[in-house]
Amino acid sequence: MFEEILQNVRLKKPLTHCITNYITTNDCANVVLACGASPTMAEAEQEAAEIAAQANGLDINIGNLNSHTVLAMHRAIAAANQAKVPVVLDPVGAGASSYRMQTLRDFFAQYRFSVVRGNVSELLAVGGAASNTKGVDAGAADAVTEENLEERVAFFKQLSAKLGAVVSVSGAIDIIASPEKAYICRNGHPMMSCVTGTGCMLSALTAAYCGGNPDKILEAAAAATVAMGVAGDIAYRKTTEQGLGTGSFRVYLIDAISLMDAETLNGGMKVEIR
């Protein structure tokens, strides 16, 4: 299903500009490299716009905001919009503080985004619904389940229409939605939540996939989520077979992304369309 998406990233090696948080910068750069793209992590306000305008994809992650990075983000997003570069926004911790929510309101009022990607609590907050966010983590009460799946799909399709962007929701059940269509993915393992930055890595991966496939944003976002989920399955299997822990899981996760091909993806993915 996603063979062309993966091939385009390997062939085009899209330059992926990431303004992410310092906690996960190294892992985000490594996952972009692993998928075949090229990362740049420029966040100085003096060059953010210039770099973004040259990039193929832009990843904006608000996980560790400060006044300097917010200014750099504004300049990078504005330049990307003008150059028609796909922009992925990760609203980390949306709902956790008024500063984060005001930053997001400013972004949505001024700019266009190709994909808004986060956990379910963050995206419920972005959509104005009640959420139970725990800092930067999703609240258990917000989880997408088989029982509320139809309701959640409908909500995120509506949010996609409102934002004018694909909405990519991570969790035990992933939803990647446009106004008319949603991919449902059931790959991945709970151990992914025990490693700092798997969500940040997915946002960077999504920006790389969109940068390599700017005319297929929904499919690119879905392929990135599915690839990360399949990689999580592979990493968990290898980790447990050797009796290892979360440090090894992190390494195996990036390894699996670097070795991901259409056969592995198609053979491991658990995806439906609604």
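Everything discussed here concerns the structure shown above.
Keep in mind the model is a prediction, meaning the values are calculated, not measured.

### Quick look at the packing of helix 8 (residues 198-212) against helix 9 (residues 217-241)
Contact geometry of helix 8 with helix 9 gives a least axis separation of 8 Å together with a crossing angle of 140°. With respect to each other, helix 8 and helix 9 are oriented oblique. Judged by the twist between their axes, the crossing of helix 8 over helix 9 is right-handed. Touching T198, M201, L202, L205, T206, Y209 and C210 of helix 8 are I217, A220, A221, A223, A224, T225, A227 and M228, all from helix 9. Class assignment of the residues belonging to the contact of helix 8 with helix 9 gives a composition of 12 nonpolar, 3 polar and no charged.

### Topic: the sheet that holds strand 4 (residues 87-90)
Through backbone hydrogen bonds, the strands of a sheet pair up, either in parallel or in antiparallel fashion. Across the sheet, which stays open at both edges, the 9 strands sit in the order 2-1-3-4-5-6-7-8-9 with mixed pairing between neighbours. Strands with a single pairing partner mark the edges of an open sheet, and in this sheet they are strand 2 (38-40) and strand 9 (271-273). Averaged over neighbouring strand pairs, the angle between their axes works out to 20° when direction is ignored. The sheet strands contacting helix 4 (residues 67-83) are strand 1 (15-19), strand 3 (57-61) and strand 4, and the helix crosses strand 3 at an angle near 150°.

### Focus: the pattern of salt bridges
The full count for this structure, using the stated rule, is 7 salt bridges. Across the salt bridge formed by R186 and E272, the nearest N and O atoms sit 2.7 Å from each other. Linking R186 in the loop between strand 8 (182-185) and helix 8 with E272 in strand 9, this pair joins segments that are 86 residues apart in sequence. Residue R274 is joined to E272 by a salt bridge in which the shortest nitrogen-to-oxygen separation is 2.9 Å. Note on R274: relative accessible area 29%, which makes it partly exposed. When salt bridges that share partners are traced, they join E146, E150, R186, E272 and R274 into one network.

### Observations regarding the pairing of strand 3
Of all 5 residues that make up strand 3, 5 are buried, and the element is covered over most of its length. Neither face of strand 3 is exposed, since G57, D59 and N61 on one face and L58 and I60 on the opposite face are all buried. Where strand 1 meets strand 3, 4 bridges bridge the pair, whose relative direction is parallel. Among the inter-strand pairings, T16 is bridged to a residue of strand 3, identified as G57. Here strand 3 runs beside strand 4; their pairing, made up of 4 bridges, is parallel. When the sheet's bridge partners are listed, D59 is paired in strand 4 with V88.

### Points about the packing of aromatic side chains
With the rule as written, the count across this model stands at 5 aromatic pairs. On the numbers, 6.4 Å between centres and 50° between planes, the contact of F107 with F113 is tilted. Look at F155 and F156: their rings are 5.2 Å apart centre to centre, the planes differ by 85°, and that puts the pair in the edge-to-face class. Every member of this aromatic cluster is reached through a ring pair, and the members are F107, F108, Y111 and F113.

### Quick notes on the environment of K270
Tracing the chain through its elements places K270 in the loop between helix 11 (262-268) and strand 9. If sequence neighbours within four positions are ignored, K270 has contacts with I184, C185, R186 and N187.

### A closer look at empty space enclosed by the protein
Per the counting criterion, the structure on display carries 1 cavity of 30 Å³ or more. When its volume is computed, the largest cavity comes out at roughly 40 Å³. L6, V9, R10, C35, Y209, I257 and M260 are the residues that line the largest cavity. Considering every element that reaches the lining of the largest cavity, the biggest residue donor is helix 1 (residues 3-12), with 3 residues. The residue inventory of the lining of the largest cavity, partitioned by class, reads 6 nonpolar, no polar and 1 charged.

### Considerations on helix 10 (residues 246-258)
If you check helix 10, its first and last C-alpha atoms are 19 Å apart, about what 13 residues at 1.5 Å a residue would give, namely 18 Å. Buried within helix 10 are the following residues: F249, Y252, L253, I254, A256 and I257. For helix 10, the elements touching its buried residues are helix 1, helix 2 (25-34), helix 8 and helix 9.

### Topic: the side chain of R152
Structurally, R152 can be placed in helix 7 (residues 149-163). Put simply, R152 is tucked away with no salt bridge, and the nearest opposite charge, on E151, sits 4.2 Å away. For R152, the contacting residues outside a window of four places in its chain are V120, L124, A141, D142, A143, V144 and I175.

Thresholds applied
Residues numbered from 1 in each chain as written. Predicted model: local features only at pLDDT ≥ 70, side-chain atom pairs only at ≥ 80, totals over all residues. Heavy atoms only, no water. Axes fitted to C-alpha atoms, helices over the stretch in contact; angles between N-to-C directions. Helix = DSSP H or I, 4+ residues; strand = E, 2+ residues; numbered from the N terminus. Parallel < 35°, antiparallel > 145°, perpendicular 65-115°, else oblique. Left-handed = near helix turned anticlockwise from the far one by under 90°. Contact = heavy atoms within 4.5 Å. Nonpolar A, V, L, I, M, F, W, Y, C, P; charged D, E, K, R; others polar. Pairing = 2+ DSSP bridges. Salt bridge = Lys/Arg side-chain N within 4 Å of Asp/Glu carboxyl O. Buried < 20%, exposed > 50% of the residue type's maximum accessible area, 1.4 Å probe, protein only. Phe/Tyr/Trp six-rings, centres within 6.5 Å; stacked < 30°, edge-to-face > 60°. 1 Å grid on protein atoms, 1.4 Å probe; cavity = no way out; pocket = protein on both sides within 12 Å on 5 of 7 lines; lining within 4 Å. Points joined across faces, edges and corners; volume = space filled by probe spheres on them. Expected span 1.5 Å × (residues − 1). Lys, Arg positive; Asp, Glu negative; His and termini not counted.

Everything listed is a geometric property; what it means functionally is a separate question.
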